[in-house]
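Descriptive analysis of the structure
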Amino acid sequence: MSLPLIDVHTHMYLPRYVALLRERKQIPRIVSREKGDRLIILPDEDADTSTSAGRPIGSEFYEVKRKLAFMDQHNIAVSVVSSANPWIDFVEPDAAPKLAADLNDDLEAMCASSNGRLYGFGVLPLQRPETCAAELKRIAGLPHMRGVIIGSAGRGQGLDDPEFEPIWKAAADLGLFIFIHPHYGIGHELFPDTGHAMLLAMGFTFETSIAVARLILRGAMARNPGLKLLIAHGGGTLPYLAGRLDSCVKNDISKDFGLPKPPSHYLQQCWYDSIVYHPPAVAALTAFADPAKIMFGTDHPFFRPHVPEDVLDTTTWAVPEENVAALSGFDETTKKAISYENGLKAFGIKLPGA
Ligand code: URA
Ligand code: ZN
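Keep in mind the model is a prediction, meaning the values are calculated, not measured.

Some points on the site of ligand 1
- Every residue lining ligand 1 is accounted for by H11, I41, L42, N85, H181, L200, F204, D299, F302 and F303.
- Taking H11, its side chain carries an N or O atom lying 3.3 Å from an oxygen atom of ligand 1.
- For ligand 1, an oxygen atom lies 2.9 Å from a polar atom in the side chain of D299.
- Relative to its unbound accessible area of 230 Å², ligand 1 is 98% covered by the protein chains.
- For the shell around ligand 1, the per-class residue count stands at six nonpolar, three polar and one charged.

In structure tokens, the structure reads:
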């Protein structure tokens, strides 16, 4: 019998957001093509006007029954659903607070009618940072919300943006999670003509790593000891590079960061998803992070199998399979912890029917 799973990294574009993307003429947008709708969101994707621009987008991105079908197919008992990139980054500052609140209410309503199968991470209007603490407070009052997802770029100045300090303080005070997730990628000029592969494998993970490292080096975690960060894709590269980061900070003759503890101390207080695909990376993650803070994820509905639409919901997807298989060398206690127990505890939820 396979273990139940709690999926802490799984996305949806809520219907209100899909409608917005369909109206747009610029990236991010959804375009209708003869062979079906295409989602064009990644930097530079718009330059490609061929039918292969972006990726296919079907209702698995926005219909709750298809999220539940995917969960049933992969023994996922509960999902903590987040909006996918690029969230509301492109929205006019004055429109962002209302849109964020509407999307957060939509997500709460969706989760509330799921019989305990769905919880959520909301979004914040980062382009109006002075409004975010109030929205976090409102989110804390929504029974199925467990935090917010924030893009690694922040509002363009990184997560160590001084205007974000009230966000970290409010999240820490309210006990809400901040899920840090990439979108823009870095190093584009270094990997031309590599499709999405290098951007997603390298650009995304280094974007996350640098964003979190900057946040820590500027002292946000030292100032807000209760801050709960969940870092996407196993922390990008951080579990592997944390020792080097400590050394480079300690030996820097040009800058004193004034941190009470080395960066790895703060990184070890963070939560990580286990979307790292193979045993050597899970070994690095489990050796570095607090074993109680590593939680299963799938990144659904990205990385969709190449099968016809009518069999998609009954097909086994590779990402969950590979990330379950990557845990196979661990003892039962660790497997249970990562598969579901850590998620239940972190988010204060119960397995449905328990
Ligand atoms: N590609 C994306 O754009 N986002 C994800 O979360 C995963 C893959
Ligand atoms: Zn993701």
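Focus: the coordination of the zinc ion (ligand 2)
- With distances of 2.1 Å, the protein atoms coordinating the zinc ion (ligand 2) are H9 (NE2), H11 (NE2), H181 (NE2) and D299 (OD).
- Each donor residue of the zinc ion (ligand 2) lies on the same chain, and together they follow the pattern H-x1-H-x169-H-x117-D. Of this pair, H181 sits in strand β8 (residues 177–181) while D299 sits in the loop between β11 (294–295) and α12 (318–325), and the two are 118 residues apart along the sequence.
- With relative accessibility at 2%, the residue H181 sits in the buried group.

Details of the sheet that holds strand β3 (residues 36–40)
- As summarised here, the arrangement of the three strands in space is β2-β3-β4, forming an open sheet in which the pairing is antiparallel. Either end of the sheet is taken by a strand with one partner, and the two such strands are β2 (29–33) and β4 (55–56).
- The pairing of β2 with β3 spans five bridges and is classified as antiparallel. Across the sheet, residue R33 finds its bridge partner in β3, namely G36.
- Lying over the sheet, helix α1 (residues 15–23) contacts β2 and β3, oriented at roughly 70° with respect to β2.

Here we look at the side chain of R66
- Secondary-structure assignment places R66 in helix α2 (residues 64–73).
- By relative accessible area, R66 is classed as buried at 7%.
- Excluding anything up to four places from it in sequence, R66 contacts S59, E60, E309, L312 and D313.

A few points about the environment of G258
- Relative to the assigned elements, G258 resides in the loop between α9 (238–250) and α10 (263–267).
- Spatially, the C-alpha atoms of G258 and H300 are 40 Å apart, while their sequence positions differ by 42 residues.

Focus: the nonpolar core
- In terms of nonpolar packing, the biggest core is built from 105 residues, with Y13, I167, W168 and I178 touching the most fellow members.
- Filtering out sequence-adjacent residues up to four positions away, I178 remains in contact with V148, I150, I167, W168, A171, L227, K228, L229 and L230.

Things to note about the sheet that holds β11
- Pairing within the open sheet is parallel, and its eight strands lie in the order β1-β5-β6-β7-β8-β9-β10-β11. Single-partner strands in this sheet number two, and they are β1 (5–12) and β11.
- Relative to strand β5 (residues 76–83), β1 runs parallel, the two sharing six bridges. Bridge pairing in β5 links H11 to S82.
- Relative to β5, α2 is tilted by about 135°, and along the sheet it contacts β1, β5 and β6 (118–122).

Procedures and definitions
- Residue indices follow the written sequence of each chain, beginning from 1 at its first position.
- Chain A is the first chain written and ligand 1 is the first ligand written, with later ones labelled in order.
- The model is predicted, so local features are restricted to residues of pLDDT at least 70 and side-chain atom pairs to those at 80 or more, both for listing and for counting; the totals for chains, interfaces and linings are taken over all residues.
- Side-chain calculation: all heavy atoms of the structure are included, whereas hydrogens and water are not.
- When we say a residue is near a molecule or strand, we mean one of its heavy atoms is within 4 Å of it.
- Polar contact criterion, stated in full: a pair of N or O atoms within 3.5 Å, where within protein one must be able to donate a hydrogen and the other to accept it, and residues adjacent in sequence count only if both atoms are side-chain atoms.
- For accessible areas, the Shrake-Rupley method is used with a probe of radius 1.4 Å. Any residue's cover is judged against the shown protein chains and nothing else.
- In this classification, the charged set is Asp, Glu, Lys and Arg, the nonpolar set is Ala, Val, Leu, Ile, Met, Phe, Trp, Tyr, Cys and Pro, and all remaining amino acids, among them Gly, are polar.
- Only nitrogen, oxygen and sulfur atoms qualify as donors, and only when within 2.8 Å of the metal (3.2 Å in the case of Na, K and Ca); with water excluded, sites may look incomplete.
- Where helices and strands are cited, they refer to DSSP runs of H or I of at least four residues and of E of at least two residues respectively, numbered from the N terminus.
- Burial status follows relative accessibility: with a 1.4 Å probe on protein chains alone, a residue under 20% of its type maximum counts as buried, one over 50% as exposed, and anything between as partly exposed.
- Two strands qualify as a pair provided that DSSP identifies no fewer than 2 bridges between them.
- Every residue pair with non-hydrogen atoms within 4.5 Å of one another is taken to be in contact.
- Only the stretch in contact is used when fitting a helix axis, every axis being a line fitted to C-alpha atoms; angles between N-to-C directions are given from 0 to 180 degrees.
- Each nonpolar core is a collection of buried residues, namely Ala, Val, Leu, Ile, Met, Phe, Trp, Tyr and Cys, held together in the definition by side-chain atoms within 4.5 Å.

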